[in-house]
Amino acid sequence: RTCFTRALSEHVDMVLRRLAGETADTASVMTLITQFGGGKTHTLTALYHLAKAGPAASGLPGISDFLSKARACEVPEAAVAVFVGNAWDPREGRETPWLDIARQLAGDAGVAALGPEARTSAPGTETLRKVFAAAEKPVLVLCDEVLNYINRHRGQADAFHAFLQNLTVAMTN
């Protein structure tokens, strides 16, 4: 039998319910704060695989317990984007973290929703909502090691901070 920690179970339950459209007692934005080795990356990895697999994950070991607690029949399918600050570097077509996230969520339509300004400035909340709409399904954005990104790309720190702030606000709707 697969056993999950209480914290992981609580996070998965909340995310599953939120992706299914439930807003009561769910958080649109969660911050995981633990000491080194406290399970942040494991939680993000579990959420990634569940959301990417969607309904196909419903039959995996231990998932029925999550679905039962969340009062759901299956794992909702979601558009998923991952930003890992210690691994992220700009490249063609993904010159900024927000361009990369938009591409992961909605492909070319997500990038188009950002507009040409996204190569040089962080998008506002309305623009981010357009990216989410272009995804055409619930959205899950997972971020890890963001301080590492800021430390390595200090020239982008202000723009990245603005992006995270706007992303947080946009995700609340």
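This text goes with the structure placed above it.
None of these values were measured; they are calculated from a predicted model. What you see as residue numbers is a count from 1 along each chain, following the sequence as written. Thresholds applied to this predicted model are a pLDDT of at least 70 for local features of residues and 80 or more for the giving and counting of side-chain atom pairs; totals over whole chains, interfaces and linings are not thresholded and use all residues. To obtain the side-chain values, all non-hydrogen atoms of the structure were included, while hydrogens and water were left out.

Undergrad: It is not clear to me how the overall build of the protein chain should be interpreted in this structure. Could you clarify?
TA: We count a stretch as a helix when DSSP gives it H or I for four or more residues in a row; a strand needs E for two or more, and each element gets its number in order from the N terminus. Of the regular secondary structure elements, the protein chain holds 7 helices and 2 strands. Shown N-terminal to C-terminal, the secondary structure of the protein chain runs as helices and strands in the order α-α-α-β-α-α-β-α-α. What you see for the protein chain is a C-alpha radius of gyration of 16 Å, in line with the 16 Å of a compact globule of 173 residues. Seen along its three principal axes, the alpha-carbon backbone of the protein chain occupies a region of about 50 × 35 × 30 Å. Per-residue accessibility, obtained with a 1.4 Å probe over protein chains only, is compared with the maximum for each type, and a residue is labelled buried under 20%, exposed over 50%, and partly exposed between these values. Here the protein chain holds 173 residues, and the buried ones make up 38% of them. What makes two residues a contact is simply this: any of their non-hydrogen atoms within 4.5 Å. Intrachain contacts of the protein chain at a sequence separation of at least 6 include 64% that bridge at least 24 residues. A total accessible area of about 9,700 Å² is found for the protein chain, and carbon and sulfur atoms account for 53% of it. Just to be clear, the radius of gyration here is over C-alpha atoms, and the globule rule we use is 2.2 Å times residues to the power 0.38. Values of accessible area rely on a 1.4 Å probe in the Shrake-Rupley scheme; residue burial ignores everything except the protein chains shown.

Undergrad: Even after reading the chapter, I still don't get empty space enclosed by the protein, so can you show me in this structure?
TA: Unfilled space is identified by rolling a water-sized probe across the atoms. Whether a set of points on the 1 Å grid over the protein atoms alone is a cavity depends on a 1.4 Å probe fitting there but being unable to get out, while an open set qualifies as a pocket with protein on both sides within 12 Å along at least five of seven lines; lining residues are those with an atom within 4 Å of a point. Grid points are joined across faces, edges and corners, and a volume is the space filled by probe spheres set on the points. All chains considered together, the criterion is met by 1 cavity of 30 Å³ or more. Here the largest cavity is characterised by a volume of approximately 50 Å³. Residue lining of the largest cavity: W98, I101, A102, L105, L114, L128, V131, F132, F163 and L167, and that is the complete set. When contributions to the lining of the largest cavity are tallied by element, the ones reaching two or more residues are α4 (97-114), α5 (125-135) and α7 (157-171). Counting residues per element, the lining of the largest cavity draws most heavily on α4, which supplies 5 residues. Classifying every residue of the lining of the largest cavity by side-chain character gives 10 nonpolar, no polar and no charged. Residues were grouped as follows: Ala, Val, Leu, Ile, Met, Phe, Trp, Tyr, Cys and Pro as nonpolar; Asp, Glu, Lys and Arg as charged; and all remaining residues, including Gly, as polar.

Undergrad: When you look at the packing of aromatic side chains in this model, what are you seeing that I'm missing?
TA: Any aromatic ring pair is given by two values, namely how distant the centres are and how the planes are angled relative to each other. The aromatic pairing rule takes the rings of Phe, Tyr and Trp, using the six-membered ring of Trp, and pairs them if the centres are within 6.5 Å, calling planes under 30 degrees apart stacked, those over 60 edge-to-face and the rest tilted. All chains considered together, the criterion is met by 7 aromatic pairs. Between F83 and F160 the ring centres are 5.4 Å apart and the planes differ by 40°, which places this aromatic pair in the tilted class. Highlighted residues: F83 in strand β1 (residues 79-84) and F160 in helix α7, separated in sequence by 77 residues. We classify F83 as buried; its relative accessible area is 2%. For F160, a relative accessible area of 1% translates into the label buried. With a centroid separation of 5.6 Å and 75° between ring planes, the pair formed by W88 and Y149 is classed as edge-to-face. One end of the pair, W88, is in the loop between β1 and α4; the other, Y149, is in helix α6 (residues 146-152), and 61 residues separate them in sequence.

Undergrad: How should I be thinking about the packing of helix α1 (residues 6-19) against helix α2 (residues 40-53) in this particular structure?
TA: In a pair of packed helices, the angle between the axes and the distance between the axes together describe the arrangement. Only the stretch in contact is used when a helix axis is fitted, and all axes are lines through C-alpha atoms; the angle between N-to-C directions ranges over 0 to 180 degrees. Between α1 and α2, whose axes approach to 10 Å, the crossing angle comes to 35°. Taken as a pair, α1 and α2 cross one another with a handedness that is right-handed. Residue-level inspection shows L8, H11, V12, V15 and L19 of α1 in contact with α2, the latter providing T43, A46, L47, L50 and A51. Here the contact of α1 with α2 is built from residues that sort into 8 nonpolar, 2 polar and no charged. Helix crossings get a hand from a simple test, with the near helix turned counterclockwise from the far one by less than a right angle marking a left-handed crossing and a clockwise turn marking a right-handed one.

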